Amino acid sequence: MRKYNLKRRFKKARARSRAMARRRRKRSRNYLSPAKLGAVCVIAVLVMVFVTRATGLFKDNVVEINLAAQDAEMYVGEDKPVFMAEITCEGDTGVVLDEETEYTVQNLVDELNGGNGYTLESEGDGTEVGEYEIKAELTSAVSTPLNTDWFDKVKVNTVPGTLKVKEIDEEYRASVEARKNRPMIALTFDDGPGRYTMKLLDALEENNAQATFFMLGQNVEKFGDEVAKMKEIGCELGNHSYNHPSLPKLSTDEMKAQIENTNNAIKEITGEPASVLRPPYGATSSEMSETVGMPMVLWSIDTLDWKTKDTQATIDHVLQNVSDGDIVLMHDIYETTVDAAIELIKKLQEQGYYLVTVSELAESRGYELADGEKYYGFYNE
Ligand code: ZN
């Protein structure tokens, strides 16, 4: 009996002490030290910031810019196309991002439209058939302020595109060969665009012909629709300086500005600068070969259309002198020239000539255009 009671008492005491220990443990779990409280606060703030950014809370105040890489196509083994992006914007583009410089969302959109602030790249290098993602990525010059100072004002969404590398089909291969073996001429037009240029572009398009336009930057700005149409129908866009000075007479900086300003004006409209340069008056210098940074394309047939301003004289001059590989110089700012060119497109095609851009003519004859080099024509050996 005594023995039994002792055992029971001992058991009770042990149960009590266990219960007390449990309570102690529980108390210490519930107790928040200042350090723990601080950590909890920091985590809470981080979570809030993350949720705010991820869900676009306060969306009403954030202007959204979409930067979408455009889909592109190419045949296997060809040169990769130049990737382009489309920039759209929802919201108030007048929002100021930097008080000091008065830099606005519109300025950012303009910069993106000019091809700055992002890169477009694809893993597809054109050597194998398939579909590849074209990745749009912001450069740190744009992504850094977007993630810090501007994050509650503007947001840029990047959307990838697709590069389709296609198998060359026999029909295409045959048409490429046929093009290469046919006699070709490059019609070129200087000093425009002007008010007759659209009429000429319509005729080129109707007859599936291409030409090269060596344009003045000051006219590019006035005739943007014409420049966009040139690109659309496969014509080549050339640089003829900004306002037609004799380039060798300028300082290096002035010369570079003449070329750059025109390239920028063209890029503003088409997304790409000019591919070839024709110096005004055909005037070049040895210094220019070093500094222009573009191939210089002159001509083999000078129609003197600017002097005669005679449609029939211009037509006759070309038809009497032309041969395979020639580069023909005309000026699309004169109505008489445009009328002559429209007639020439038909007549030359009837004679079996293929009317191509300067670069296509060069490529089909195995020339690789080099910066600072001068070219007058591209002939088969
Ligand atoms: Zn000129």
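To be clear, the structure that these remarks concern was listed above.
Residues numbered from 1 in each chain as written. Predicted model: local features only at pLDDT ≥ 70, side-chain atom pairs only at ≥ 80, totals over all residues. Heavy atoms only, no water.

Caption draft 1: Just the overall build of the protein chain, in detail. In terms of helices and strands, the protein chain carries 14 helices and 18 strands. For the protein chain, the share of sequence-separated contacts (at least 6 apart) that also reach a separation of at least 24 residues comes to 72%. Taken as a whole, the protein chain presents about 22100 Å² of accessible surface, with 49% of it coming from carbon and sulfur. (Helix = DSSP H or I, 4+ residues; strand = E, 2+ residues; numbered from the N terminus. Contact = heavy atoms within 4.5 Å. Areas by Shrake-Rupley, 256 points an atom, 1.4 Å probe, with all protein chains shown as cover.)

Caption draft 2: Up close: a negative patch on the surface. Judged by side-chain charge, Asp 98, Glu 99, Glu 100, Glu 102 and Asp 149 come together as a negatively charged surface patch. Assignment of secondary structure puts Glu 100 in the loop between strand 4 (96-98) and strand 5 (103-104). (Patch = residues over 30% accessible without salt bridge, like charges linked within 9 Å, V, L, I, M, F, W, Y side chains within 5 Å. Salt bridge = Lys/Arg side-chain N within 4 Å of Asp/Glu carboxyl O. Lys, Arg positive; Asp, Glu negative; His and termini not counted. Charge placed at Lys NZ, Arg CZ, Asp CG, Glu CD.)

Caption draft 3: Looking closely at the sheet that holds strand 8 (residues 154-159). The strand order 3-1-8 describes an open sheet built from three strands, whose pairing is mixed. Each edge of the sheet is formed by a strand with only one pairing partner; in this case those strands are strand 3 (85-90) and strand 8. Across the sheet, the mean angle from the axis of one strand to that of its neighbour is 15°, orientation sign disregarded. In this sheet, strand 3 lies alongside strand 1 (residues 63-69) in antiparallel orientation, the contact comprising six bridges. Residue pairing across strands places Ala 68 opposite Glu 86, the latter belonging to strand 3. (Pairing = 2+ DSSP bridges. Axes fitted to C-alpha atoms, helices over the stretch in contact; angles between N-to-C directions.)

Caption draft 4: View of the coordination of the zinc ion. Around the zinc ion, the protein contributes the donor atoms Asp 191 (OD), His 240 (NE2) and His 244 (NE2), at 2.1 Å from the metal centre. Mapped onto the sequence, the donors of the zinc ion take the spacing D-x48-H-x3-H. Exposure class is identical for His 240 and His 244. Each is buried. (Donors = N, O, S within 2.8 Å, 3.2 Å for Na, K, Ca; no water. Buried < 20%, exposed > 50% of the residue type's maximum accessible area, 1.4 Å probe, protein only.)

Caption draft 5: Examining the pattern of salt bridges more closely. Following the criterion strictly, the structure yields nine salt bridges and no others. Two residues, Glu 205 and Lys 229, come together in a salt bridge whose shortest N-O distance is 2.7 Å. Residue Glu 205 is found in helix 6 (residues 197-206), and its partner Lys 229 is found in helix 8 (residues 224-232); the two are separated by 24 residues along the sequence. When the shortest N-O distance is used, the salt bridge between Lys 231 and Glu 272 registers 2.3 Å. Here the residue Lys 231 occupies a position in helix 8, and Glu 272 occupies one in the loop between helix 9 (252-270) and strand 13 (276-277), the gap between them amounting to 41 residues. Given the relative accessible area of 33%, Lys 231 is considered partly exposed. Given the relative accessible area of 25%, Glu 272 is considered partly exposed.

Caption draft 6: Inspection of the pairing of strand 10 (residues 184-190) at higher detail. Most of strand 10 sits out of view: seven of its seven residues are buried. Where burial is concerned, the two faces of strand 10 agree: the one with Met 184, Ala 186, Thr 188 and Asp 190 and the one with Ile 185, Leu 187 and Phe 189 are both buried. The pairing of strand 10 with strand 17 (residues 354-355) spans two bridges and is classified as parallel. Residue pairing in the sheet places Ile 185 in a bridge with Leu 355 of strand 17. As defined by bridge partners, strand 10 adjoins strand 16 (residues 327-331) across five bridges and the pair is classed as parallel. Note that in strand 16 the partner of Phe 189 across the bridge is Met 330. Read as a crossover between parallel neighbours, the route from strand 10 over helix 6 to strand 11 (residues 212-215) is right-handed. (Right-handed = clockwise from strand over helix to strand, strands pointing away.)

Caption draft 7: Focus on the sheet that holds strand 7 (residues 130-138). Taken in spatial order, the four strands make up an open sheet running 2-9-7-6, and their pairing is mixed. Lying at the two open borders of the sheet, with one neighbouring strand each, are strand 2 (72-75) and strand 6 (118-122). Direction aside, neighbouring strands of the sheet carry axes that sit 20° apart on average. In this sheet, strand 9 (residues 161-166) lies alongside strand 2 in parallel orientation, the contact comprising four bridges. Note on strand 9: the bridge partner recorded for Glu 73 is Lys 164.

Read these as geometric descriptors, not functional statements.
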